[in-house]
Amino acid sequence: MSDTLPILLVPDARLKARARPVLAEHAPALSDLVPRMFATMYRAPGIGLAAPQVGVPLRLVVVDLLPEEKPTPIVLVNPEIVAASEETTTREEGCLSLPGQYADVTRPSRVRVRHLDLAGAAHEIDAEGLLAACLQHELDHLDGVLFVDHLSPLKRNMILRRLAKEKRLKEPQ
Ligand code: GNR
Ligand code: NI
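Residues numbered from 1 in each chain as written. Chains lettered and ligands numbered in written order. Predicted model: local features only at pLDDT ≥ 70, side-chain atom pairs only at ≥ 80, totals over all residues. Heavy atoms only, no water.

What about the overall build of the protein chain?
To keep things clear, this is the line we draw: Segments assigned H or I by DSSP are reported as helices when at least four residues long, segments assigned E as strands when at least two residues long, and all are numbered from the N terminus. Each residue is assigned to one of three classes by its accessible area relative to the maximum for its type, calculated with a 1.4 Å probe on protein chains only: buried under 20%, partly exposed between the two thresholds, exposed over 50%. Pairs of residues are marked as contacts when any of their non-hydrogen atoms sit within 4.5 Å. To be clear on the numbers: accessible area is Shrake-Rupley with a 1.4 Å probe, and residue cover counts the displayed protein chains and nothing else. Charge counting treats Lys and Arg as positive and Asp and Glu as negative, with His and both chain ends excluded. Charge positions are represented by NZ for Lys, CZ for Arg, CG for Asp and CD for Glu.
Looking only at helices and strands, the protein chain features 3 helices and 7 strands. Secondary structure elements of the protein chain, listed N to C terminal, follow the sequence α-β-β-β-β-β-β-β-α-α. When its C-alpha atoms are laid out on the principal axes, the protein chain stretches across 45 × 40 × 35 Å. Counting only residues that meet the buried cut, the protein chain has 40% of its 173 residues in that class. Counted over contacts in the protein chain with a minimum sequence separation of 6, partners at least 24 positions apart contribute 63%. Accessible surface computed for the protein chain: about 9,800 Å², of which carbon and sulfur atoms make up 54%. Charge-centre separation for the protein chain: the mean point of 21 positive side chains lies 8 Å from the mean point of 23 negative side chains.

Spelled out as structure tokens, the structure:
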């Protein structure tokens, strides 16, 4: 198993930056980075991880909805949402960069995501359910957007204050 990477936590300015497209020149670095992103995600554990969460400002995401029962690792290079349903779904989300914090987030129920794989081949995923929410959550990270940015300022500040308080209690000083 590859070494894991530290996951950046809110507040960290790198989580608010827009990530840059992956280019051919990045390919050698990805063969080390992608296995480490999967190791980091599986260990957390989480169902998705975006490169900016491990301090790499590239448009790269890994996802696996069922690491336990039926592992289905997906790598998305330069993903984009090319279509989204008008219908929305509300579900509870969490984020490895805001540990222990959860809130209901409303997003399009279905999305079509276009992306490249590690070999540079183009793919499209038609996603619904948890996969649709997870892909939108991960693609948001590439634009410096967190799930709390979809909440009312009141709910967002409640979560950010709670996170700061729990951090203070965990690491006094
Ligand atoms: O592990 C995760 N679970 C999750 C649940 C509902 C919607 C989105 C997610 S993604 C999250 C991992 C994470 O923070 N990815 O950026
Ligand atoms: Ni997240």
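Let us keep going from here.
Some thoughts on the coordination of the nickel ion (ligand 2)
Rules: Donor atoms: N, O and S within 2.8 Å of the metal, or within 3.2 Å for Na, K and Ca. Because water is excluded, sites can look incomplete.
Protein-derived ligands of the nickel ion (ligand 2) are C95 (SG), H137 (NE2) and H141 (NE2), with the metal-ligand distances lying across 2.1 to 2.4 Å. H137 sits in the buried class, given a relative accessible area of 8%.

Description of helix α1 (residues 27-43)
Worth spelling out the cut-off: Expected span, for any helix, means 1.5 Å times one less than how many residues it has. In this analysis the local bend is the angle between axes fitted, respectively, to the seven residues ending at and the seven residues starting at the residue.
With 17 residues, α1 should reach 24 Å at 1.5 Å per residue; the first-to-last C-alpha distance of 24 Å fits that figure. At L33, α1 is bent by approximately 25°, the largest bend along its length, and proline P35 sits one to four residues beyond. All buried positions along α1 are accounted for by L30, L33, V34, M37, F38, A39, T40 and M41. On its buried face, α1 is in contact with β1 (48-50), β2 (60-63) and β3 (74-84).

Focus: the site of ligand 1
Let me state the cut-off plainly: A single heavy atom is enough: if one lies within 4 Å of a molecule or strand, its residue is considered near that molecule or strand. Contacts described as polar in this section are N or O atom pairs within 3.5 Å, which, within protein, must combine one atom able to donate a hydrogen with one able to accept it, while residues neighboring in sequence count only if both atoms come from side chains. Classification convention: Asp, Glu, Lys, Arg as charged; Ala, Val, Leu, Ile, Met, Phe, Trp, Tyr, Cys, Pro as nonpolar; all other residues, Gly among them, as polar.
Taken together, G46, I47, G48, Q53, E92, E93, G94, C95, L96, H137, E138 and H141 make up the full set of residues near ligand 1. The contact in question runs from an oxygen atom of ligand 1 to an N or O atom on the backbone of I47, over 3.1 Å. Q53 has a polar side-chain atom sitting 2.7 Å from an oxygen atom of ligand 1. Coverage of ligand 1 by the protein amounts to 90% of the 380 Å² it exposes when considered alone. For the shell around ligand 1, a count of residues per class yields 3 nonpolar, 6 polar and 3 charged.

Some words on the sheet that holds strand β6 (residues 110-116)
Formally: Should DSSP find at least two bridges between two strands, the strands are regarded as paired. Throughout, an axis means a line fitted to C-alpha atoms (over the contacting stretch in the case of helices), and angles, computed between N-to-C directions, take values from 0 to 180 degrees.
Read across the sheet, 5 strands follow the order β1-β2-β3-β6-β7 without closing on themselves; strand pairing throughout is antiparallel. Pairing within the sheet leaves two strands with one partner each, and these edge strands are β1 and β7 (122-128). Strand after strand, the sheet turns through a mean of 40° between neighbouring axes, direction not considered. As paired elements, β1 and β2 share 3 bridges and run antiparallel to each other. Paired with G48 across the bridge in β2 is V63. The strands touched by α1 within the sheet are β1, β2 and β3, with β2 carrying the most contacts at an inclination of about 40°.

Thoughts on the packing of aromatic side chains
In plain terms, the rule: Ring pairs shown here join Phe, Tyr and Trp side chains whose ring centres sit within 6.5 Å, with only the six-membered ring taken for Trp; geometry is labelled stacked below 30 degrees between planes, edge-to-face above 60, and tilted in between.
Within the structure shown, the criterion is met by 1 aromatic pair. Each ring, one from F38 and one from Y42, has its centre 5.9 Å from the other, and the planes form 25°; the classification is stacked. Taken together, the residues F38 and Y42, both in helix α1 and 4 residues apart, mark about one turn of the helix.

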